[in-house]
Amino acid sequence: MHESLTIGQLSERSGVAPSALRYYERLGLIRAERTGGNQRRYARAELRRVAFIRISQQVGISLEEIRAALDSLPAGRTPTASDWARLSTTWRERLNERIRLMTKLRDDLDSCIGCGCLSLQRCTLYNPGDTLGSEGPGARLVLPRPADAEAAAAVTRL
């Protein structure tokens, strides 16, 4: 492999512990070749994949979904900008919904923290008598309503 990295070098460059890199490899998220002495050697392109994994995890995407996305990239060559763009379009709507939900949560929590109402009359998390339980589990006043089932399913998949 030309310009390959050892696991220690990949760890240092990516900021990911060697144990996590071995785990990613076991899951098929990254690939290594082996030397005659059975040591791992990673192509420099794996740095980009590790960065993608870390960023995706930070926004709550599961390793299973990350693997499916990475599997859609071409094997045997470094992905091009158009390869990455194609991958990102499959996640764009779901990420936008996640951003919308996170913004709503942030804004609702700001008002909760600042209101100090203790009576819970204006609380977006309060559900007296579990009246919203028939609509499904979770914070029904914050999560998308059943009428918006597609958006709810998209958030669940993240």
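Please read all numbers here as calculations on a predicted model, not as lab measurements.

## Let's talk about the side chain of Ser-11
Then, in step 1: By the secondary structure assignment, Ser-11 is in helix α1 (residues 7-14).
Then, in step 2: Each residue touching Ser-11, except ones within four places of it in the same chain, is listed here: Val-16, Ala-17, Pro-18 and Leu-21.

## Some remarks on the environment of Thr-6
Then, in step 1: The residue Thr-6 is located in the segment before α1 in this model.
Then, in step 2: Apart from the residues within four sequence positions on either side, Thr-6 is in contact with Arg-40, Arg-41 and Tyr-42.

## Regarding the pattern of salt bridges
Then, in step 1: Under the defined criterion, the tally for this structure stands at 6 salt bridges.
Then, in step 2: Note that Glu-25 and Arg-40 form a salt bridge whose closest N and O atoms lie 2.7 Å from each other. Separated by 15 residues along the polypeptide, Glu-25 in helix α2 (residues 18-27) and Arg-40 in strand β2 (residues 40-41) bring together distant segments of the chain.
Then, in step 3: A salt bridge links Arg-86 to Asp-83, with the nearest nitrogen and oxygen atoms 2.6 Å apart. Of the two residues, Arg-86 and Asp-83 both sit in helix α5 (residues 81-115), 3 residues apart, roughly one turn of that helix.

Calculation notes
- Residues numbered from 1 in each chain as written.
- Predicted model: local features only at pLDDT ≥ 70, side-chain atom pairs only at ≥ 80, totals over all residues.
- Heavy atoms only, no water.
- Helix = DSSP H or I, 4+ residues; strand = E, 2+ residues; numbered from the N terminus.
- Contact = heavy atoms within 4.5 Å.
- Salt bridge = Lys/Arg side-chain N within 4 Å of Asp/Glu carboxyl O.

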